[in-house]
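Structural overview for review
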Amino acid sequence: MAAVTLCCFAMTGAGADEPAAASCRSFPFPVPQGQLAATLCLPPGGTDTVMVLMSGSNFNGSYWDFGYEPQTYSFRRAMNAAGYATLVVDRLGNGASTRPPALTLTATATAAALHDIVQAARRGLAGAAPFAKVITVGHSLTAGTSVMETTAYHDVDGVVLTGYSHAINVPETLGVISSYHPADEDPEFAGRGYDPDYLTTRPGARLHDFFDSGDVEPEVLDRDEQTKEVFSLTEYPDGMLSTLPGMSNLIDVPTLVVAGGRDRMICGADYSACADSATLHAEEALFYAPAARLRVFVLPGSGHAVNLARNTADYRAEVIDWANSTVGH
């Protein structure tokens, strides 16, 4: 297990325009391959529950705390306002986290790091009091690592899996993957020393890959392109195992699955699996045991990036209602 002695964090208010500002502390979290960049935000009234928000492939922590119109698009801010602490963590290679050789990265190592983070949160992080309850919230690749973590260690109180389902549209997923190119050839990353095995989305490709044109603001697309991230294909093979029958059946804590109704990668060939929440629930219920108390929510019209859809407030309200009714704070 990684050491959990942490130092050198910064503490700031979360923004003067927030109704009740959270206090946020950024610090490095040590893992075997280096350090993960982490930011812990505490609601003003205190809480014994923390949501660990880990960035998926192609995104970093800004996905959870989006800089454009944060009152609409910051998931972190909404959870703090609802009374939950948040811990935003960048995977290795992303944001301010250590950037090891790309081909050394795996979803299994990310799941192990997530386990260390969960355990550290229960003991107390960066001067905060220990948290009695921990909810992991993943998106896309890190939804898979959340499944891997909770089924391997059984140490969390709830799991939120976004941009995730078992109704994978394989041709669309492979089509998205085939459109990636080396990060060192991309205008956002060229000249910054990335090894050629780090990949990213081609300029302009994210609208097709992660959004639906009818449910995203142009300004959001622009900011998303500016904050896009890199990843390694070596993170995918073991990460995709979480979408096969069997693994998710071992989850024994309340689970919320969230999908965009127009997510080309996880809604089946004709989006029919995501026609509505009841339809996707019927599809997903086959893959979970009763202990998961499975709840499913489809955000109508949204693509893969549910945090950044125009109607993302409906999804955030669903997460808060689920957390209040199953885990609490």
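Scroll up a little and you will see the structure.
Definitions and cut-offs
In this numbering scheme, every chain counts its residues from 1 along its sequence in written order. A pLDDT threshold of at least 70 governs which residues receive local features in this predicted model, and a stricter bar of 80 or more applies before side-chain atom pairs are shown or counted, although totals over entire chains, interfaces and linings include all residues. With hydrogens and water excluded, all non-hydrogen atoms of the structure serve as input to the side-chain values. Any Phe, Tyr or Trp ring, taking Trp's six-membered ring, that has another such ring centre within 6.5 Å forms a pair; planes under 30 degrees apart are called stacked, those over 60 apart edge-to-face, and the others tilted. The rule is simple: take the accessible area with a 1.4 Å probe, protein chains only, and divide by the maximum for that residue type; under 20% is buried, over 50% is exposed, in between is partly exposed. Comment: the charge-over-ring label is applied if NZ (Lys) or CZ (Arg) is within 6 Å of the ring centre and within 35 degrees of the ring normal. To form a nonpolar core, buried Ala, Val, Leu, Ile, Met, Phe, Trp, Tyr and Cys residues must be joined to one another through side-chain atoms within 4.5 Å. Strands here are runs of E lasting at least two residues and helices are runs of H or I lasting at least four, both read from the DSSP assignment and numbered beginning at the N terminus. By definition in these notes, contact holds between two residues if any of their heavy atoms fall within 4.5 Å. Between N-to-C directions, angles span 0 to 180 degrees; the directions come from axes that are lines fitted to C-alpha atoms, helices contributing only their stretch in contact. Throughout this description, any angle smaller than 35 degrees is read as roughly parallel, any larger than 145 degrees as roughly antiparallel, any in the 65 to 115 degree range as roughly perpendicular, and the remainder as oblique. A clockwise turn of the near helix away from the far one marks a right-handed crossing, whereas an anticlockwise turn of less than a right angle marks a left-handed crossing. Gly falls in the polar group here, along with every residue not listed as nonpolar (Ala, Val, Leu, Ile, Met, Phe, Trp, Tyr, Cys, Pro) or charged (Asp, Glu, Lys, Arg). Throughout, disulfides are identified as pairs of cysteine sulfur atoms within 2.5 Å of each other.

Section: the packing of aromatic side chains
Using the criterion set out here, one finds eleven aromatic pairs in the structure. Relative to Trp 64, the ring of Tyr 63 lies with its centre 5.2 Å away and its plane at 80 degrees, an arrangement referred to as edge-to-face. The same class applies to Tyr 63 as to Trp 64, namely buried. Taken together, a centroid distance of 6.3 Å and an interplanar angle of 75 degrees make the contact between Phe 66 and Tyr 73 edge-to-face. Each member of the pair Phe 66 and Tyr 73 is classed as buried. By the ring-pair criterion, three or more aromatic residues cluster together here, those being Phe 59, Tyr 63, Trp 64, Phe 75, Phe 210 and Tyr 315. Cation over ring: Arg 99 sits above Tyr 194, and NZ or CZ is 3.7 Å from the ring centre. It is Arg 262 that lies over the ring of Tyr 271; its NZ or CZ is 4.0 Å from the centre.

Some points on the nonpolar core
Judged by nonpolar contacts, the single largest core of 96 residues is most densely connected at Leu 40, Met 51, Leu 87, Tyr 288 and Tyr 315. Ranked by residue count, the leading element in this core is helix H3 (residues 107–123), at six residues. Excluding anything up to four places from it in sequence, Met 51 contacts Met 79, Tyr 84, Ala 85, Thr 86, Leu 87, Ile 135, Val 137, Val 319 and Ala 323.

Let's talk about unusual backbone geometry
Unlike most non-glycine residues, Asn 58 shows phi in positive territory, near 75 degrees. By the element assignment, Asn 58 lies in the loop between strand E4 (49–54) and helix H1 (70–73). By relative accessible area, which is 1% here, Asn 58 ends up buried. Phi is positive for Ala 126, which is not a glycine, with a value near 50 degrees.

What about the packing of H3 against helix H4 (residues 141–153)?
Contact pair H3 / H4: the axes reach a minimum separation of 8 Å and the direction vectors enclose 60 degrees. One element, H3, and the other, H4, form an angle in the oblique class. The hand of the H3/H4 crossing is right-handed. For the pair H3 and H4, contact is made by Ala 107, Thr 108, Thr 110, Ala 111, Ala 112, Leu 114, His 115 and Val 118 and by Thr 145, Ser 146, Met 148, Glu 149 and Tyr 153, respectively. Tallied by class, residues from the contact of H3 with H4 come to seven nonpolar, five polar and one charged.

Details of the state of the cysteines
Under the counting rule described, the total for this entry stands at two disulfides. In this model, Cys 24 is linked to Cys 41 through a disulfide, with the two sulfur atoms separated by 2.1 Å. Its S-S torsion of about 110 degrees marks the bond between Cys 24 and Cys 41 as right-handed, since a negative value means left-handed. Of the two residues, Cys 24 is situated in strand E2 (residues 23–31) and Cys 41 in strand E3 (residues 34–42); the sequence distance between them amounts to 17 residues. In this pair, the class of Cys 24 matches that of Cys 41, namely buried. In this model, Cys 267 is linked to Cys 274 through a disulfide, with the two sulfur atoms separated by 2.1 Å. With the S-S bond torsion at -90 degrees, the cross-link from Cys 267 to Cys 274 turns out left-handed. Considered together, Cys 267 and Cys 274 belong to a single accessibility category, that of buried residues. The connectivity of the disulfides in the chain is 1-2, 3-4, where the numbers refer to bonded cysteines in sequence order.

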